[in-house]
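Geometric and topological summary
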Amino acid sequence: MARPRRATARRYLMCPPVHFAHSAAARTPGAGTDPAGAADTSAALAQWERLREVYRSLGHTVEVLVPEPGLPGMARTADGALVVDGRVLGARSARPRREPEEEAELRWFAGHGFARLRLPEHDNAGEGDFAVTASCLLAGRGFRTGPLAHGEAQEFLGRPVIGLELTDPRRPRLGLALAVLDDATDEVAYHPPAFSPGSREVLRRLFPDALLVDEEAAAAFALDAVGDGLHVVLPRPAAAVLDGALRERGFAPVGVEVGELRKSGGGVRRCSLELRG
């Protein structure tokens, strides 16, 4: 019998993808990116607006980061920071072209009452490579975030950090390999082949009852998901694949269409930065 579930109100930072067509033209197709041509800006914006309305209909608050011309990556707000207990750890990409987008996002935090901000010393992919549970921060490494960033996050955020080695180049961010379904009860879903053998053992020990996602579901971006303790918002094709497994555990899947957003590397989770505390 599934345990009773309770949603808790969340607050997200989102940025409308008004410059996504330029982003798609400039990007090389890769993991998390749909290579089927440039994004249709109007269609991407419609999908973004629908995602925002889904959050609001579930009782959540959405703050809007105003996009700036020439900075298409601002729409991927989760790439720009990690927010825990009101503390903001900025992101730092190895790609210099991302720096203006990261700076623009930190300016928003500075102007909206977030007094504890940290400019990172080490490369990290923001919330794209971190997942927050009640007991710890899970942190990916191997592609875009290095182990030195894990120590920096622990010192600044004051939470224990568990490093996880990502090994699948198709899933170079933790956000494509693992999702937190309920952060209050430490319930997660993950795709075991995305991790090194040692990291898989760590995950088995930490989360023995985790939902294990197979290749079919992972390929449908099932882990591009945002949970509030009851609802799990995820791409529509993935919602169809995981519907039964999620409902058996008492969760309510909410499928949304993000195909145009994905053409420029966006999606449910990458376009939704949770503002915790």
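Residues numbered from 1 in each chain as written. Predicted model: local features only at pLDDT ≥ 70, side-chain atom pairs only at ≥ 80, totals over all residues. Heavy atoms only, no water.

Bringing the overall build of the chain into the picture now. The helix and strand tally for the chain stands at eight helices and 15 strands. Radius of gyration (C-alpha) of the chain: 17 Å, near the 19 Å computed for a compact globule of 277 residues. Taken along the three principal axes of its C-alpha coordinates, the chain extends 50 × 40 × 35 Å. Expressed as a percentage of the 277 residues in the chain, the buried residues total 55%. In the chain, of all internal contacts separated by at least 6 residues, the share reaching a separation of at least 24 is 71%. Taken as a whole, the chain presents about 11400 Å² of accessible surface, with 53% of it coming from carbon and sulfur. Averaging the positions of the 35 positive and the 37 negative side-chain charges in the chain gives two centres separated by 1 Å. (Helix = DSSP H or I, 4+ residues; strand = E, 2+ residues; numbered from the N terminus. Rg over C-alpha atoms; globule rule 2.2 N^0.38 Å. Buried < 20%, exposed > 50% of the residue type's maximum accessible area, 1.4 Å probe, protein only. Contact = heavy atoms within 4.5 Å. Areas by Shrake-Rupley, 256 points an atom, 1.4 Å probe, with all protein chains shown as cover. Lys, Arg positive; Asp, Glu negative; His and termini not counted. Charge placed at Lys NZ, Arg CZ, Asp CG, Glu CD.)

Applying the stated criterion across every chain yields a total of five aromatic pairs. A ring pair is formed by tryptophan 108 and phenylalanine 109, whose centres lie 5.2 Å apart and whose planes are at 85 degrees; its orientation type is edge-to-face. As far as the burial class goes, tryptophan 108 and phenylalanine 109 line up, both buried. With a centroid separation of 6.2 Å and an interplanar angle of 40 degrees, the aromatic rings of tryptophan 108 and phenylalanine 114 are classed as tilted. (Phe/Tyr/Trp six-rings, centres within 6.5 Å; stacked < 30°, edge-to-face > 60°.)

What follows concerns the environment of leucine 89. By secondary structure assignment, the location of leucine 89 is in strand β4 (residues 87-90). On the accessibility criterion, leucine 89 (1% relative accessible area) is buried. For leucine 89 and leucine 117, which are 28 residues apart along the polypeptide, the C-alpha to C-alpha distance reads 6.1 Å. Excluding anything up to four places from it in sequence, leucine 89 contacts Ala81, Leu82, Arg118, Pro120, Asn124, Ala153 and Phe156.

Bringing the pairing of strand β13 (residues 231-235) into the picture now. Most of β13 is tucked away: five of the five residues are buried. Sheet topology places strand β12 (residues 226-227) next to β13; two bridges connect them, and they run antiparallel. What sits directly across from glycine 227, in β13, is valine 232. Between β12 and β13, which follow one another and run antiparallel, lie three residues, and glycine 229 among them has a positive phi close to 105 degrees. Bridge count between β13 and strand β14 (residues 252-256): five bridges; the pairing is parallel. Of the residues in β14, the one forming a bridge with proline 235 is valine 256. With respect to chirality, the unit in which β13 leads through helix α7 (residues 236-248) into the neighbouring parallel β14 is right-handed. (Pairing = 2+ DSSP bridges. Right-handed = clockwise from strand over helix to strand, strands pointing away.)

So, on to the pairing of strand β9 (residues 178-182). In terms of burial, β9 is largely enclosed, as five of its five residues are buried. One ladder, built from four bridges, connects β9 with strand β10 (residues 187-190); its direction is antiparallel. Counted as the bridge partner of alanine 179 is alanine 189 from β10. In sequence, β9 turns back onto β10 through a hairpin of four residues, with aspartate 186 there showing a positive phi of about 55 degrees.

What follows covers the pattern of salt bridges. Per the stated rule, a full pass over the model turns up 28 salt bridges. One salt bridge in this structure joins aspartate 182 and arginine 5, with 3.6 Å as the shortest N-O distance. Of this pair, aspartate 182 sits in strand β9 while arginine 5 sits in the segment before β1 (11-14), and the two are 177 residues apart along the sequence. With respect to burial, aspartate 182 and arginine 5 carry one shared label: buried. Of the charged contacts, one joins arginine 204 and glutamate 201 as a salt bridge, the two residues approaching to 2.5 Å between their closest N and O atoms. In this pair, arginine 204 and glutamate 201 are both assigned in helix α5 (residues 197-206), three residues apart and thus about one turn of the helix distant. Among the charged side chains, a salt-bridge network with shared partners connects Arg10, Glu127, Asp183, Glu274 and Arg276. (Salt bridge = Lys/Arg side-chain N within 4 Å of Asp/Glu carboxyl O.)

Turning our eyes to something else, we now look at the environment of proline 172. Position of proline 172 among the secondary structure elements: in the loop between β8 (161-165) and β9. The spatial distance from the C-alpha of proline 172 to the C-alpha of glycine 128 is 9.5 Å, given a sequence separation of 44 residues.

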